[in-house]
Each structure stands twice: as C-alpha cells, then as structure tokens.
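Below are the chains, spelled out letter by letter.
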Amino acid sequence: MAALKVAFQTLGCKVNYYESEALKGAFRREGFELVDFQKKADVYVINTCSVTHLADRKSRQAVRRAKRRNPAAIVAVTGCYPQVSPDELISLPEADIILGTGKRLSLPGIVRKKLRGEDVVPQVTPYGQAAVFEDLPWVPEQERTRAFLKIQDGCNQFCSYCIIPLARGPLRSLQPEKAMEYLREMGRSGHKEVILTGIRLGLYGIDLDPPRNLAFFLNEALKIPGIERIRLSSIEPADFNNDLIMLIKENERICRHLHIPLQSGSDAILKKMGRSYDTAFYRILLEKLRRGTPGLAVSTDIIVGFPGEESEHFQQSYDFVKESAFSRLHVFKYSPRHATRAAAMTPQVAPDIKELRSRELIALGEALSDAFREQFLGQTLSVLFERELEADAAQVVSSVHTGGEYGDDTHLFEGLSSNYLRVCSFTPVNWRGKMGKVRIEKKFRGYLQGTLLEK
Ligand code: 5AD
C-alpha cells in the first residue's frame, strides 16, 4: 500500500516554523510521505498564527484552500489560532481536526484515528501556571544548511495588545542538556548555522532549577563542534542584561543581527501598551550594542494605530524609527484581540488611518533597508551559501561581471551574511553549505553581489 501523503502550511513566527519541522518528523516516523502543500495530499496540516485578525483570516483561508485541493483529505488545524479561538474553528466545516499549542506529538495518532473513521474531539487545553516545556525533538533535514531550535516557550508579560500569553502559556525553557544534545546533532549533520527561537527567548532559563540565562546558554552552545555561527531570533529590549550584551559584542560567531521589538516610538503609547521601557532606554540599548560592533543589523516590529495613537504619536514613532536606522522593519496594523486590555481602550483608530500610517512606515522601512545594504558596498561579508540561483540570474550577472572566471563550471550561489543580508557570488563548485568571505561589489535584484575571496 502506498504511503499516505501529508502536506504542511505554516503561518507566523519562527517558533511555528520549528514546531512544523518537528511535526513533519513525527509524521515521517509514522510512515507518512511529505509532499508540497500545492500537491494533492491525504492529510493537510495548517500550523496557524493568531497575532492579528489578519493572521486568523489567513489561517482560515489556508484551511479552506486545503479542503478545496482535496475534498476527501483530512485537514488538521493546529497552533495559536485554535488555542485562542477554538470555537471559530469548530464552526469551520473544513477543519476536521483541531489541536491547540499543546500535545503536538499526538497529531499523527489523532490523524490515524480520524482515518479509521473514529470520532475525534478538539484538543485545546488552556494553560495553567504549572505548564511544562514540551520537548519537540529536532529532526535533521538533509537539504538545509541552517537549523532552527526552539529552546523557550510562553510569556508572562501580558502587554495590553497581545494575545500571545494566552496562545502560548507561561514562560518555560528546554533543559540545557537536552538542547546541547540537539545542537551536537546539528553540528554533526553539517548545519553550520543554528537559529535559536523562543516566544520570550531573552528570558531563557529563568524558570529552570538552577536558574539559567541566555548568556550561559550561548557560552555552552559556542563550544559545540561544527556549529560556526548562532543566530538569535527576537529579543525584548528589557531582556538584554550586561552579560548578554558583552557576550554578543565579543563573540563574532553570534550573528551580527538582532531583532528587538520596539512597537512604538512614542513614550505615551509605550506606556499604554504596557511595555516596560521608554524610547530613552531603547536608544541607550542601541548605542551600547552598536558601539564597537561594526555592521550590526538591528531590525524591529512596530504597531501603528494603537488605541489613542494621535498623529503626533505616530510622528514620534516615525522619527524614532528613522533615527534608529533599523536594517528592516516589520509593520503591524493594530488589531484588537479578544480578552486583551487594549481591545477595550478608546478611542480606537480608524482603519483608513491605520492603513496610511502603515504605508508611510513601510516606505520608511524600505528606505532604511536600502541604506543599510548600501553601506556594505566595497566591504567584505562572511556568507553561508545555501542555494544555487537559476541559470537566467547567472547569465544576467555574468553579462555585467567577469563571471566566467571559473570556466564552464561556474555556479551562482546565494546565502545569508552574518548580519542577515542576502548575498550572491560566483563559485567554482557546488558551494551549498559552505562559508566564504565575499567582497561586495554591487546590488543585484534583492541581493548584494560580490567576489568570493576564500575558495
Ligand atoms: N495588533 C497588531 N500587531 C500585533 N502584534 C502583537 N499583537 C498585535 C496586535 N494586537 C505584533 C507585535 C509583535 C509581533 C509579533 O506582532 O509587533 O512584536
């Protein structure tokens, strides 16, 4: 009998991404064959996001799309959306299986049950304070050169706009010994870059006995053979203690890119958001991080149209973002989330104003990204090559560049720099999974393009 086919669609953050990879591994172990989401499958898994109503809508659309592709398939909806709003999914006829953010590894079993025609009930359990970290083992992926690892989950902050503490439960961390085991496997299987993820990554270890912190974790992780660099996903401004700042600055193997959510550049709005810092604190943090750390990229999240955001508050956000010279901006239109404090705040901002402000900030973000990239023309970046670009791209580049220097066996490879810039370069052989220093010469499409110095 042919293996049953399972296809995944993942929305939202890097934590979701990791969890989907772990779930794919669980399905494979159960004998399922993984296929592309665009293909006809027997089972579709939608790993959802619920951070805004737009994320909810996209999640619902994915569920419907899956069912349209194969009406006979079983569609399983998991993650933050069902965890927060189980009823909305129970009333969605296309959703056959509903599983929140807990007990993820039970999914293949539930699917088998459903396939046998048995009844399955929605699996959504609200989090209590005693929630423990659910270890979703890392699964090696042959194709990838970079590996994600979730080492932390949950948040206790309850910022006034944010649903995530409900979707993810309280702060909890993966035991460092277990994490090091996964990291050693990653190093052994040729993953030169590891991306550490968590919902509140900067508070890693605070719940452990004995308590640990991210600086401790990084020090241990840096000792593991094979792992050449470590990338951090989002870290809250308040979570950078001096140990962490020093460690990042002193250790070039920690990627020169930090994502530090600002949310607003207005102190009045930050206060109403329930954020624990003001712009002065954030400015000093940026100074500390950037001083003596050339090339450091800092990206951020901004919410526009938070309740009570007047045009002067928005202007403050705009000016602060510009002053901060972020390398990239993620702009979110404020979306009232059920059972959050901000949803009841007045006045709410009109949708057309949110739209305008969002567009203005997105345009500023693009200009800042461009300016950030521009400063690396003529400089050397260390790149982990991931993928060969198609022949047409190679042709475009060689027509304006001496790409033929490696003769017939010329390849155009792309990868990420330590500070998260997409770089492409000609290489003599298959350069996938290799690191190299590239002297940047020009901008090409979305890339920086340059000459590989170390072969
Ligand atoms: N509305 C709009 N954006 C939100 N975010 C979180 N909650 C909301 C909301 N209610 C954004 C924040 C956060 C990112 C992941 O999502 O900017 O950093």
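Residues numbered from 1 in each chain as written. Predicted model: local features only at pLDDT ≥ 70, side-chain atom pairs only at ≥ 80, totals over all residues. Heavy atoms only, no water.

Trainee: Explain the environment of Ala-55 to me, please; I cannot follow it from the model alone.
Mentor: Relative to the elements of secondary structure, Ala-55 occurs in helix 2 (residues 53-69). Considered as a pair, Ala-55 and Ile-206 are 151 residues apart in the sequence and their alpha carbons are 30 Å apart. Setting aside residues up to four positions removed in sequence, Ala-55 forms contacts with Cys-49 and Ser-50. (Helix = DSSP H or I, 4+ residues; strand = E, 2+ residues; numbered from the N terminus. Contact = heavy atoms within 4.5 Å.)

Trainee: Sorry, what's going on with the environment of Gln-152 here?
Mentor: Inspection of the secondary structure puts Gln-152 in strand 7 (residues 152-153). Sequence separation of Gln-152 and Gly-205 is 53 residues, and the distance between their C-alpha atoms is 8.0 Å. When near neighbours in sequence (up to four residues on either side) are disregarded, Gln-152 contacts Phe-133, Leu-171, Arg-172, Ser-173, Thr-197, Gly-198, Ile-199, Arg-200, Leu-201 and Tyr-204. Reaching out from Gln-152, the side chain makes a polar contact with the backbone oxygen of Gly-154 at a distance of 3.0 Å. Reaching out from Gln-152, the side chain makes a polar contact with the backbone nitrogen of Arg-200 at a distance of 2.7 Å. (Polar contact = N/O pair within 3.5 Å; in protein donor to acceptor, adjacent residues only side chain to side chain.)

Trainee: Looking at this model, I keep getting lost on the pairing of strand 16 (residues 422-427). Mind explaining?
Mentor: Within a regular strand, the side chains alternate between the two sheet faces. In terms of burial, strand 16 is a largely internal element, 5 of the 6 residues being buried. Pairing between strand 15 (residues 411-417) and strand 16: 6 bridges, direction antiparallel. Residue His-411 lies in a different strand from strand 16, and its bridge partner there is Thr-427. The turn linking strand 15 back onto strand 16 is made up of 4 residues, and Tyr-420 within it adopts a positive phi angle of 70°. In this structure, strand 16 lies alongside strand 18 (residues 447-452), joined through 3 bridges in parallel fashion. For Ser-425, the partnering residue across the bridge sits in strand 18 and is Gly-450. (Buried < 20%, exposed > 50% of the residue type's maximum accessible area, 1.4 Å probe, protein only. Pairing = 2+ DSSP bridges.)

Trainee: What's the story with the nonpolar core in this structure? I'm lost.
Mentor: When a protein is soluble and globular, its nonpolar side chains tend to lie buried together. Leu-149, Ile-151, Leu-183, Leu-196, Leu-232, Phe-240 and Leu-361 are the most contacted members of the largest nonpolar core, which has 71 residues in total. If near-sequence neighbours (up to four positions away) are discounted, Phe-240 is found in contact with Ile-235, Ile-245, Ile-248, Leu-258, Ile-260, Leu-285 and Leu-289. Core analysis: the next-biggest nonpolar cluster, separate from the first, contains 20 residues, Ala-7, Tyr-44, Cys-49 and Ala-66 among them. (Core = buried A, V, L, I, M, F, W, Y, C linked by side-chain atoms within 4.5 Å.)

Trainee: What am I meant to see in helix 5 (residues 107-115) here?
Mentor: Every α-helical turn comprises 3.6 residues, leaving residues that sit three or four positions apart pointing alike. Looking only at helix 5, the buried set comprises Leu-107, Pro-108, Ile-110 and Val-111. Taken down its axis, helix 5 places every buried residue within 160° of arc, on the same side. Each element contacted by the buried residues of helix 5 is listed here: helix 1 (14-29), strand 3 (43-48), strand 4 (74-79) and strand 5 (97-99). Positive backbone phi, at 90°, marks Gly-117, one or two positions downstream of helix 5. (Arc of directions from axis to C-beta.)

Trainee: Sorry, what's going on with helix 1 here?
Mentor: For helix 1, which comprises 16 residues, the first-to-last C-alpha distance of 23 Å matches the rise-based estimate of 22 Å (1.5 Å per residue) to within 8%. By the burial criterion, the buried members of helix 1 are Val-15, Asn-16, Tyr-18, Glu-19, Ser-20, Glu-21, Ala-22, Leu-23, Lys-24, Gly-25, Ala-26 and Phe-27. Once helix 1 ends, the next one or two residues include Gly-31, with phi positive near 90°. (Expected span 1.5 Å × (residues − 1).)

Trainee: When you look at the site of the ligand in this model, what are you seeing that I'm missing?
Mentor: If you check the shell around the ligand, you find Val-51, Thr-52, Tyr-161, Gln-263, Asp-301, Ile-303, Phe-332, Lys-333, Tyr-334, Ser-335 and Arg-337 and nothing else. Side-chain polar atom of Asp-301 to an oxygen atom of the ligand: 2.6 Å apart, as the coordinates give it. Taking Ser-335, its main chain carries an N or O atom lying 2.8 Å from a nitrogen atom of the ligand. Burial of the ligand by the protein amounts to 88% of the accessible area it has alone, namely 400 Å². Broken down by secondary-structure element, the contributors of at least two residues to the shell around the ligand are strand 12 (297-304) and strand 13 (328-333). Grouping the amino acids of the shell around the ligand by side-chain chemistry returns 5 nonpolar, 3 polar and 3 charged. (Near = heavy atom within 4 Å. Areas by Shrake-Rupley, 256 points an atom, 1.4 Å probe, with all protein chains shown as cover. Nonpolar A, V, L, I, M, F, W, Y, C, P; charged D, E, K, R; others polar.)

Trainee: Any chance you could explain unusual backbone geometry here in plain terms?
Mentor: One can expect most non-glycine residues to show negative phi and most peptide bonds to be in trans. Here the residue pair Asp-209 and Pro-210 is connected by a cis peptide bond, since its omega of 0° sits within 30 degrees of zero. Tracing the backbone through its elements, the reader meets Pro-210 in the loop between strand 9 (193-197) and helix 8 (214-221). Geometrically, the link from Thr-346 to Pro-347 is a cis peptide bond, its omega value of -10° lying close to zero. Residue position: Pro-347 is located in the loop between strand 13 and helix 13 (351-374). In this structure, Phe-158 takes a positive phi of about 50° despite not being glycine.

Trainee: Teacher, can you tell me more about the sheet that holds strand 12 here?
Mentor: Picture the strands of a sheet paired through backbone hydrogen bonds; they go either parallel or antiparallel. Within the open sheet, the 3 strands sit side by side as 11-12-13. Their pairing is parallel. Across the chains shown, the open sheet's two edge strands, defined by having one partner strand only, are strand 11 (257-259) and strand 13. Taken pair by pair, the neighbouring strands of this sheet meet at an average axis angle of 15°, ignoring direction. In terms of strand pairing, strand 12 meets strand 13 through 6 bridges, oriented parallel. The residue of strand 13 that forms the bridge with Thr-300 is Leu-329. (Axes fitted to C-alpha atoms, helices over the stretch in contact; angles between N-to-C directions.)

Trainee: Even after reading the chapter, I still don't get the sheet that holds strand 17 (residues 435-444), so can you show me in this structure?
Mentor: What the 5 strands build is a closed barrel, ordered 14-15-16-18-17; its pairing is mixed. Adjacent strand axes in the sheet meet at a mean angle of 55° when their direction is disregarded.

Trainee: Before we go on, may I ask you to explain empty space enclosed by the protein in this structure?
Mentor: To find leftover empty space, a probe the size of one water molecule is rolled over the atoms. Taken as a whole and judged by the stated rule, the model has 2 cavities of 30 Å³ or more. In this structure, the largest cavity encloses a volume near 90 Å³. As for the largest cavity, its lining consists of Tyr-17, Tyr-18, Glu-21, Trp-138, Val-139, Glu-141, Arg-144, Arg-146, Ala-147, Phe-148 and His-191. Looking at side-chain class alone, the lining of the largest cavity contains 6 nonpolar, 1 polar and 4 charged residues. Considered as a void within the structure, the second largest cavity measures approximately 30 Å³ in volume. Surrounding the second largest cavity, Tyr-18, Phe-133, Glu-134, Asp-135, Leu-136, Leu-149, Lys-150, Leu-174 and Tyr-182 form its lining. Along the lines of polarity and charge, the residues of the lining of the second largest cavity split into 6 nonpolar, no polar and 3 charged. (1 Å grid on protein atoms, 1.4 Å probe; cavity = no way out; pocket = protein on both sides within 12 Å on 5 of 7 lines; lining within 4 Å. Points joined across faces, edges and corners; volume = space filled by probe spheres on them.)

None of the figures reported here should be taken as evidence of function without further support.
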